[in-house]
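# Descriptive structure summary
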Amino acid sequence: PRPAMAGVSAGRSRARGTKPVGAKGACRSIDRQSKGLRSRSTSSARGRAKPEATSASAGGSKEEEEVLRKLSQAEAGARKVEEQLEDMEGVDRRERRRRARGGVARVAKMAALGLVAGVLCVYFDVFPPLAKHVTSLALAGAIAFRGLSKGSLSPSGSLTALFVGWATFSSCFAFGVVLIGFFFSSSALTKLKQDEKAKVEKDFKKDGQRDHLQVLANGGAPTVLALAHWAAGPSHPLSPLVAGAFLGYYACCCGDTWSSEVGVLSPSDPILITTLRRVRRGTNGGVSAWGLLASLAGGGFVGACFLAATALSVGRTAAVATVPVCAAAGLLGSLVDSLLGATLQFSGVEEATMKVSNRPGEGIVRISGLNFLNNDAVNLLSAVLTALATGLAASRLKLF
């Protein structure tokens, strides 16, 4: 009789309402059947040890040998599958352990960074001058190196960021916290759904890598304000004005960056701020509900970073109203940026790719704006105007 294969046995077990065998069960079934067939084949061979064996019995023996060979192959294949399953289980266990260790390491790293940040917040501004400058240089170097390694900064941008970070931290640790908050949050949002953004913007750069010009456009003016605040001292009559201008500048930059990176992902096309008509996503001067809410959140985030840092610092105070003032600055800066972008910055659509371009050229149809300012100039001008308005508001409201 021919032995039943593992698949047939599994099918019969399901028909009887029992559980089907797995890969390991199939291997054991093939082993049992192979051994049984070999035993029966041996017994049959002994019974046929007569000189008058017929050609039919010889044909049956060859057929049994062929079945045995196929069973041996199936048995070897099943064992191989079983070994692979065991290897996969081992890989899964190692991967789970690796992920668990990685999670613990990340938590420990965040706890250590939080502890260091808390200690620096409390004691940094009372450090001796030399210790303050050395610590500021180390912090700025860490930020610049991380930006370069992650692709957020070009080599020239990382060198510029090193100077901006050192000067900002040296003047006031709370100012440095604002800079860190702006840099890391904006870098994270820039990398959000990059494939979708690349479909919309012709001049899109992967990872949003910033060069020295972009770093100066976002950080040059507030660095001068931070150094002026440090030189004059916190007790100077103009100190609230300078501090407010510093926060207003970064609130504008952060609000505009958040608005641009989130607004371009809006499901509906934005409206041009000057004509209120629908335009393509990515058009300079286009506003959307998503973008406006993101600008409010970005400005408020800057105010929250400054408020938390001053609450922990020795000799520094800030009113809770700093957060809504900075949120308003973020919204104002985004609107000013959109107005300048819609009027003084070129926007067009490339007919071949249907992507929005910031520069005129062959095959590009104009949407709005003059070819007078580029994106960096628009950012700088809108941030300066917002900084002036926020500084006056902070001085009048006595936020610091």
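Residues numbered from 1 in each chain as written. Predicted model: local features only at pLDDT ≥ 70, side-chain atom pairs only at ≥ 80, totals over all residues. Heavy atoms only, no water.

A few words on the overall build of the chain. Counting secondary structure elements, the chain contains twelve helices and five strands. Scored against the burial criterion, the 400 residues of the chain give a buried share of 40%. When the accessible area of the chain is evaluated, it comes to approximately 21600 Å², of which 64% is carbon and sulfur surface. (Helix = DSSP H or I, 4+ residues; strand = E, 2+ residues; numbered from the N terminus. Buried < 20%, exposed > 50% of the residue type's maximum accessible area, 1.4 Å probe, protein only. Areas by Shrake-Rupley, 256 points an atom, 1.4 Å probe, with all protein chains shown as cover.)

A separate point is the pattern of salt bridges. Under the criterion given, the structure shown has three salt bridges. Residue glutamate 95 pairs with arginine 99 through a salt bridge whose shortest N-O separation is 3.1 Å. Remark: arginine 99 and glutamate 95 occur in helix H3 (residues 55-123); sequence separation between them is four residues, near one turn of the helix. We classify arginine 99 as exposed; its relative accessible area is 58%. Through salt bridges with shared partners, a single ionic network connects Glu95, Arg98 and Arg99. (Salt bridge = Lys/Arg side-chain N within 4 Å of Asp/Glu carboxyl O.)

As a further point, take a nonpolar patch on the surface. A grouping of Val81, Leu85 and Met88 is seen on the molecular surface, where their side chains present a nonpolar patch of about 250 Å² in accessible area. Since its relative accessible area comes to 52%, methionine 88 is described here as exposed. (Patch = residues over 30% accessible without salt bridge, like charges linked within 9 Å, V, L, I, M, F, W, Y side chains within 5 Å.)

On to the packing of aromatic side chains, then. Considering all chains together, one arrives at ten aromatic pairs under this definition. With 5.9 Å between their ring centres and 25° between their planes, phenylalanine 175 and phenylalanine 306 make a pair best called stacked. With phenylalanine 175 in helix H6 (residues 173-190) and phenylalanine 306 in helix H10 (residues 289-312), the pair connects residues that are 131 residues apart, well separated along the chain. On the basis of relative accessibility, which here comes to 1%, the residue phenylalanine 175 falls in the buried class. According to the relative accessible area criterion, phenylalanine 306 is buried, its value standing at 4%. (Phe/Tyr/Trp six-rings, centres within 6.5 Å; stacked < 30°, edge-to-face > 60°.)

Okay, the confidence of the model for the chain next. Low-confidence regions, as indicated by low pLDDT, have predicted coordinates that should not be scrutinised in detail. Residues at a pLDDT of 70 or more form 79% of the chain, whose mean pLDDT is 80. Per-element confidence in the chain is highest for helix H11 (residues 322-344), whose mean pLDDT is 96, and lowest for helix H1 (residues 6-15), whose mean pLDDT is 40. Below a pLDDT of 50 lies the segment residues 1-21, which in the model reaches 26 contacts outside its immediate sequence neighbourhood of four places, other chains included. The model gives residues 44-53 a pLDDT under 50, and that stretch makes three contacts with residues more than four places away or in other chains. (pLDDT = per-residue confidence, 0-100. Contact = heavy atoms within 4.5 Å.)

Let us look at the packing of helix H9 (residues 239-263) against H11. Two elements in contact, H9 and H11, have axes separated by 7 Å at closest approach and are oriented at 60°. The angle between the axes of H9 and H11 places the two elements in the oblique class. Helix-helix and strand crossings are classified by hand; for H9 and H11 the assignment is right-handed. Contacts between H9 and H11 involve Leu247, Gly248, Ala251, Cys252, Gly255, Asp256 and Ser259 from the first element and Thr322, Cys326, Ala329, Gly330, Gly333, Ser334 and Asp337 from the second. Looking at side-chain class alone, the contact of H9 with H11 contains five nonpolar, seven polar and two charged residues. (Axes fitted to C-alpha atoms, helices over the stretch in contact; angles between N-to-C directions. Parallel < 35°, antiparallel > 145°, perpendicular 65-115°, else oblique. Left-handed = near helix turned anticlockwise from the far one by under 90°. Nonpolar A, V, L, I, M, F, W, Y, C, P; charged D, E, K, R; others polar.)

This brings us to the environment of serine 185. Take serine 185: it is sitting in helix H6. On the basis of relative accessible area, serine 185 is assigned to the buried category, the value being 13%. In the structure, serine 185 is positioned 73 residues away from tryptophan 258 in sequence and 8.4 Å away in space, judged by C-alpha atoms. Once you skip the residues sitting within four places of it in the chain, serine 185 turns out to touch Cys254, Trp258 and Phe301.

Checked against the element boundaries, threonine 353 lands in the loop between strand E3 (347-350) and strand E4 (356-357). Measuring from C-alpha to C-alpha, the distance between threonine 353 and isoleucine 364 comes to 9.8 Å, with eleven residues separating the pair along the chain.

The subject of this paragraph is the packing of H9 against helix H12 (residues 375-397). For the pair H9 and H12, the least separation of the axes is 6 Å and the interaxial angle reads 140°. By the angle class used here, H9 and H12 are oblique. Between H9 and H12 lies a crossing of right-handed hand. Side by side, H9 and H12 meet where Pro240, Leu241, Gly244, Ala245, Gly248, Tyr249, Cys252, Cys253 and Asp256 of the first sit next to Asn379, Leu380, Ser382, Ala383, Val384, Thr386, Ala387, Thr390, Gly391, Leu392, Ala394 and Ser395 of the second.

Moving on, we get to the sheet that holds E3. A sheet is described by the order of its strands in space; here three strands give the open sequence E4-E3-E5, paired in antiparallel fashion. Strands at the two margins of the open sheet, each flanked by one partner only, are E4 and strand E5 (364-368). Bridge analysis of E3 against E5 gives four bridges, and the strand direction is antiparallel. Considered in E5, the bridge of valine 349 is made with valine 365. (Pairing = 2+ DSSP bridges.)

Further remarks concern unusual backbone geometry. Even without being a glycine, methionine 354 presents a positive backbone phi close to 60°. For lysine 398, which is not a glycine, the phi torsion comes out positive at approximately 55°. For lysine 398, the location among the structural elements is in the segment after H12.

Looking now at a negative patch on the surface. Taken together, the side chains of Glu83, Glu86, Asp87, Glu89 and Asp92 make up a negatively charged region of the molecular surface. Along the chain, aspartate 92 falls in helix H3. Overall, the relative accessible area of 41% leaves aspartate 92 in the partly exposed class. (Lys, Arg positive; Asp, Glu negative; His and termini not counted. Charge placed at Lys NZ, Arg CZ, Asp CG, Glu CD.)

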